[in-house]
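Summary of structural features
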Amino acid sequence: MQDFSASFGLAFQLVLAADPDLLEIIALSLKVSLSAVAIACLIGLPVGTAIAMGRFRGRTATIILLNALMGLPPVVVGLLIYLLLSNAGPLGWMRLLYTPGAMIIAQAVLITPIVAALSREVVEQLHCEYAEQFRSLSVPRSSAAAALLWDARYSLLTVALAGFGRAVAEVGAVIIVGGNIDHLTRVMTTAIALETSKGDLALALALGIVLITLALSVNAAVMALRLTATRYAYA
Amino acid sequence: MPDGTTVSQGRTWAAPTDESECLGEAVGLVYRSGDRTLIDGIDLQIPRAGRTVVMGANGAGKSLLLRLLHGLLLPSAGHVRWGGRPLDDALRQQQAMVFQRPVLLRRSVAANIRFVLKLRGRADQARVDATLDEVGLAAHAHQPARLLSGGEQQRLALARALATDPQVLFLDEPTASLDPASTAAIETIVNRAHARGTKIMFVTHDLGQARRLADDVIFLHYGQLAEQSPAQRFFDNPVSQAARDYLDGRLVIRKSSK
């Protein structure tokens, strides 16, 4: 029990003293996860919007598949990306394995279905509302898609933040493709796993505190955005 | 039968209007949903000038007819022509529609107008300001559109429709849920547009409003064209039994439905 108290004390000291090792891990975590979110949005938003606006054969099956992909197991994704990026794999020539690049790819693969599926739902709801008016105004498809994305921006930001939450808290995929190499691919979740197994609870707890604070901040930001948007009737 | 009056008994039809005075026409228009025939073989010609008011009891097919004429729905049979041409995107761009519940973008009042002007390639600020000024919403330009009152929202929807200078303006019960002052404001704007040469197609249940606005009346009864006549004649001396019953406030329930 005393060990735990001491560990908590040390953890807070590390956080408050802005320990350089701790900051390095946090910075890499944010860099990897934010990059993954950006890629997921670049792919997921257009895909979600296209499915929301489209009427094509197999649409329902596509939506079911997309929703199912939201639950992709991180270790399986990690393994697949590992196979692709390993020297013997088709993308081995890129030499990305055990680099932050590989971790970004793994997280992007994990959260792109989340962004696509959730944005499909958000955009489809708005599209139902706007569709007849857009048809009456003969709005071209590209303009309609842009208008839907813009008008749903607050809800879509929530979608992006949900993707970020999933990415930053994920450990299975990044530990396989990143390898948890000190000063190179060590992020918060992999560091917590490693330090816990080594018995260095202080650093693990410090990272845990930062991770929880980050999760709370993200949720608070989502709530604040929602409230602002509702207050101004943009949501 | 008085001149200029058309009575459709089932599918019987006699064209009432001179071709040069005809802006649009529907020929053999049918719309089915499942096994129900909601618009049943309507033939009509829409005069080039004036305000045409579409009337009929609930479920008569007024809103459906408007959507078919504007091309928002495709008919199950028959066709619609405007200026002798089948309806396409280019023609629809010369038309505009205002719905019973205004559909406003989640943006500011001015941005709603700017959106439609940008689509037509004439989104200058002066035009946005002039459009809002015309409907009395200039002071609300920077407010979120959805925070306007019901009457203001409908005026904005009307302003957005008129911003495109439509040749034909369809209005589907635009004042159904508005108070008398807001209704009067909408009617004033519609009359101004009509005076500038815009063809008005107006659906309403309100007999007083129909008397105020109509130059001619299309009366529907269970998806069929019961009567099309000049307004005065329709209100003074309706030819069809369905129209007489409607004007007298009698509820007519059809015994068998298609």
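1. Describing the interface of chain B and chain A
Tallying the contact residues gives 17 residues for chain B and 15 residues for chain A. Broken down by element, the residue count for the side of chain B that touches chain A peaks at 3 residues, all from helix α3 (residues 109-119) of chain B. When the residues that make up the side of chain B that touches chain A are grouped by side-chain class, the tally is 10 nonpolar, 2 polar and 5 charged.

2. Overview of the packing of helix α4 (residues 74-85) of chain A against helix α5 (residues 100-136) of chain A
All names here are of chain A. Across the interface, α4 lies against α5 with an axial gap of 10 Å and an inter-helix angle of 135 degrees. By the angle between their directions, the pair α4 and α5 is classed as oblique. Note on packing geometry: the crossing formed by α4 with α5 is right-handed. Note on element contacts: α5 touches α4 through A102, I105, A106, V109 and L110, opposite P74, V77, G78, I81 and L85. Taken together, the residues that form the contact of α4 with α5 break down as 9 nonpolar, 1 polar and no charged.

3. Here we look at the environment of V37 of chain A
Position of V37 of chain A relative to the elements: it lies in helix α2 (residues 20-53). Once the C-alpha coordinates of V37 of chain A and Y98 of chain A are considered, the two residues, 61 residues apart in sequence, prove to be 20 Å apart.

4. Quick word on the domain arrangement of chain B
All names here are of chain B. Structurally, chain B comprises domain 1 (1-10 + 49-73 + 87-94 + 166-251) and domain 2 (104-165). Relative to domain 2, the C-alpha centre of domain 1 lies at a distance of 26 Å. With 11 residues of domain 1 at the contact, the number on the domain 2 side is 10 residues. Of all the elements, helix α6 (residues 180-195) adds the most residues to the side of domain 1 that touches domain 2, at 5 residues. Residues belonging to the side of domain 1 that touches domain 2 are distributed by class as follows: 8 nonpolar, 2 polar and 1 charged.

5. Remarks on the pairing of strand β5 (residues 77-82) of chain B
Residue and element names in this part refer to chain B. Inspection of the sheet shows strand β2 (residues 22-33) paired to β5 by 5 bridges, in the antiparallel sense. Bridge pairing in β5 links G24 to W82. When β5 meets strand β6 (residues 85-86), the two strands line up antiparallel, connected through 2 bridges. The partner of W82 across the bridge, within β6, is R85. The turn linking β5 back onto β6 is made up of 2 residues, and G83 within it adopts a positive phi angle of 60 degrees.

Parameters and conventions
- Residues numbered from 1 in each chain as written.
- Chains lettered and ligands numbered in written order.
- Predicted model: local features only at pLDDT ≥ 70, side-chain atom pairs only at ≥ 80, totals over all residues.
- Contact = placed C-beta atoms within 7 Å.
- Helix = DSSP H or I, 4+ residues; strand = E, 2+ residues; numbered from the N terminus.
- Nonpolar A, V, L, I, M, F, W, Y, C, P; charged D, E, K, R; others polar.
- Axes fitted to C-alpha atoms, helices over the stretch in contact; angles between N-to-C directions.
- Parallel < 35°, antiparallel > 145°, perpendicular 65-115°, else oblique.
- Left-handed = near helix turned anticlockwise from the far one by under 90°.
- Domains from an automatic or database assignment.
- Pairing = 2+ DSSP bridges.

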